[in-house]
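Chain by chain, the residues run as shown.
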Amino acid sequence: MTNNNIYFIANWKMYGDLKSINSIENVINLSKKIKYKKAKIIYCPPYTLLVQFVKKTNKTKINIGAQNCHTHQYYGAFTGSINAKMIKNTGTKFVIIGHSENRINGDTNKIINQKIRSSLKEKLKVIFCIGESLKEKKNKKTNLVLNQQIKNGLKNIKKLNKIIFAYEPVWSIGTGIIPKFNDLENQVKEIKIFIKKTYKVKNPIVLYGGSVNPKNISSLKEITSINGFLIGGASQNSKKFIDIIKKTIN
Ligand code: PGA
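Per chain, residue numbering runs from 1 following the sequence as it is written. Local features are withheld for residues below a pLDDT of 70 in this predicted model, meaning they are given only at 70 or higher, and side-chain atom pairs are given and counted only at 80 or more; totals for whole chains, interfaces and linings count all residues. With hydrogens and water excluded, all non-hydrogen atoms of the structure serve as input to the side-chain values.

(A) Inspection of the environment of V27 at higher detail. Put simply, DSSP marks the helices as runs of H or I at least four residues long and the strands as runs of E at least two long, and each gets a number from the N terminus on. Within the element layout of this structure, V27 appears in helix α1 (residues 25–31). According to the relative accessible area criterion, V27 is buried, its value standing at 0%. In what follows, a contact means two residues having at least one pair of non-hydrogen atoms within 4.5 Å. Residues contacting V27, with those up to four places away along its chain left out, are I41, Y43, I62, S238, F241 and I242. Burial classification: accessible surface area is computed with a 1.4 Å probe over protein chains only, and a residue below 20% of its type maximum counts as buried, one above 50% as exposed, and the rest as partly exposed.

Next comes the structure, spelled out in C-alpha cells:
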C-alpha cells in the first residue's frame, strides 16, 4: 500500500433502507480522526438513498457515489432510469460505471463509454470497473480483455484525472476467492503500465475489488501498487468496514 490516499469504496448494491443509514455513524466518527485522514471513504448506496446519504455525510470528508447511470445525458422518456444529471442534482459526486453485474445485464464497452462520457459532462467522478471472467482467465485472455475494456470504455475521453479504475476479477466478486498475491500485484502493475502508456497519465489510481474482507485485508494491503479497495458485501456491515479501514491504515 502506498503512502498516498487510500480509497475505501462501499458498494451497497441492491441493499439498504432508510434505517440502515444510521449504521454509518461509526464510520463517520472514524473518518474524523487524524489517524485516518488518508482514508478516502466513498459510500455508494442504491439510488433511493442517495439524498439521505448526502445529507448524513454533509460536512464530513466522506463522499457519496451512485452505482450506475443511464447513457443519456439529458432528461428523456426512459421509464425507470436515472441519468448522471439527476445523480449530480442530489449532491452525489461519484458514480460506479462498468460493474460486472451490469456488464452481465447488457452493458457493453460501448454503452459503458457513453455512460462515462455523460457522467464526466455532469462533472461526476467515475469509478470505472474492469475485470476478466474465469473463462477468460483460464484462456489466458486477461490482459487482452482488460485492455479492451479500458480502451473501448475510454474512447474519445481525453481527461483521465476524474477517473478511478477498479480492477475486479469477475470470479472474485462475492465468491470469497481472491487472486494470488503475486498475480494480483503483477496484474495491477500491468494495468497501470497500460494506462500510463496509452493515456500519458502519471499516476493512475487503481483499486482492487472482489471479496475484500477483514480477514484477507492484512495481506491485500501489502500490495504496494493498489490504491484502495472497492468493497461489496463487507461494506454493508459497518463493523467489518471499519475493521478493513483500521487494518489497512494501522
Ligand atoms: P464483494 O463485491 O466485495 O461482495 O465481492 C465487490 C463488488 O462487487 O464491487
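(B) Geometry of the site of the ligand. Neighbouring the ligand are 13 residues; K13, H99, E168, G174 and S211 lie closest to it. Between an oxygen atom of the ligand and a main-chain N or O atom of G232, the distance comes to 2.9 Å. Two N or O atoms count as a polar contact when they lie within 3.5 Å, although within protein this holds only if one can serve as hydrogen donor and the other as acceptor, and sequence-adjacent residues are included solely when both atoms are side-chain atoms. Between G233 and the ligand, the recorded distance is 2.9 Å, taken from a backbone N or O atom to an oxygen atom. Residue-level accessible areas treat just the shown protein chains as cover; the underlying method is Shrake-Rupley with a 1.4 Å probe. Protein burial of the ligand: of its 290 Å² of free accessible surface, 95% is covered by the chains. Gly is put with the polar residues, along with every residue not named as nonpolar or charged; the nonpolar set is Ala, Val, Leu, Ile, Met, Phe, Trp, Tyr, Cys and Pro, and the charged set is Asp, Glu, Lys and Arg. Across the shell around the ligand, the residue classes tally to 3 nonpolar, 8 polar and 2 charged. One heavy atom within 4 Å of a molecule or strand is enough for the residue carrying it to be called near that molecule or strand.

(C) Examining helix α5 (residues 109–121) more closely. Expected span of a helix: the number of residues minus one, times 1.5 Å. Its 13 residues place the ends of α5 18 Å apart at the C-alpha level, agreeing with the 18 Å of an ideal helix rising 1.5 Å per residue. Those residues of α5 that sit buried are N109, I112, N113, K115, I116, S118, S119 and L120. Phi turns positive one or two residues past the end of α5, at K123, with a value near 65°.

(D) The arrangement of the packing of aromatic side chains in detail. The aromatic pairing rule takes the rings of Phe, Tyr and Trp, using the six-membered ring of Trp, and pairs them if the centres are within 6.5 Å, calling planes under 30 degrees apart stacked, those over 60 edge-to-face and the rest tilted. For the coordinates displayed, the defined rule picks out 6 aromatic pairs. With 5.6 Å between their ring centres and 65° between their planes, Y43 and F241 make a pair best called edge-to-face. Highlighted residues: Y43 in strand β2 (residues 39–44) and F241 in helix α10 (residues 238–249), separated in sequence by 198 residues. Taking the relative accessible area as the measure of exposure, Y43 reaches 1% and is therefore buried. The exposure class assigned to F241 is buried, which follows from its relative accessible area of 0%. Taken together through their ring pairs, the aromatic side chains of W12, Y43, F53 and F241 make up a single cluster.

(E) Highlighting the pairing of β2. In terms of residue burial, β2 counts as a mostly covered element, since 5 of its 6 residues are buried. Any two strands with at least two DSSP-identified bridges between them are counted as paired. Two strands pair when backbone bridges link them, and strand β1 (residues 6–11) and β2 are joined in this way by 6 bridges, in the parallel orientation. From the neighbouring strand, N11 faces β2, where its bridge partner is C44. With the strands aimed away from the viewer, a crossover counts as right-handed if its path from the first strand over the helix to the second runs clockwise. This β-α-β element, β1 to α1 to β2, shows right-handed connectivity. Relative to strand β3 (residues 63–66), β2 runs parallel, the two sharing 2 bridges. Counterpart to Y43 in the pairing with β3 is I64. For the crossover that starts at β2, traverses helix α2 (residues 50–56) and ends in the parallel β3, the hand is right-handed.

(F) Main features of the nonpolar core. As used here, the term nonpolar core means buried Ala, Val, Leu, Ile, Met, Phe, Trp, Tyr and Cys residues forming a set that is joined through side-chain atoms within 4.5 Å. Among the nonpolar cores identified, the biggest contains 61 residues, and F8, Y43, I116 and L154 are the most heavily contacted of them. With 6 residues, the top contributor of residues to this core is helix α8 (residues 181–199). In contact with F8, other than residues within four places in its own chain, are A39, K40, I41, I42, F229, I231, F241, I244, I245, T248 and I249. Within the second largest apolar cluster, 12 residues are counted, among which are I9, F94, A166 and L207.

(G) Summary view of a positive patch on the surface. On the surface, a cluster of positive charge is made up of K88, K93, K123, K125, K159 and K162. Within the element layout of this structure, K123 appears in the loop between α5 and β5 (125–130). In this scheme, patches are assembled from residues that exceed 30% relative accessible area and form no salt bridge. Like charges are connected within 9 Å, while nonpolar side chains (Val, Leu, Ile, Met, Phe, Trp, Tyr) are connected within 5 Å. Within this document, salt bridges are pairs made up of a side-chain nitrogen of Lys or Arg and a carboxyl oxygen of Asp or Glu, the two lying within 4 Å of each other. Neither His nor the chain ends contribute to the count of charged residues, in which Lys and Arg are positive and Asp and Glu negative. For the purpose of locating charges, the reference atoms are NZ of Lys, CZ of Arg, CG of Asp and CD of Glu.

(H) Spotlight on unusual backbone geometry. Unlike most non-glycine residues, K59 shows phi in positive territory, near 65°. Here K59 lies in the loop between α2 and β3. Phi angles above zero are rare outside glycine, and K140 is one such case at about 55°. Residue position: K140 is located in the loop between α6 (134–138) and α7 (142–153).

(I) Fine view of the sheet that holds β1. Read around the closed barrel, 8 strands run β1-β2-β3-β4-β5-β6-β7-β8, paired in parallel fashion. Going from strand to strand, the sheet's axes swing by 25° on average, the running direction of each strand aside. All axes here are fitted lines through C-alpha atoms, helices being fitted over the stretch that makes contact, and every angle between N-to-C directions spans 0 to 180 degrees.

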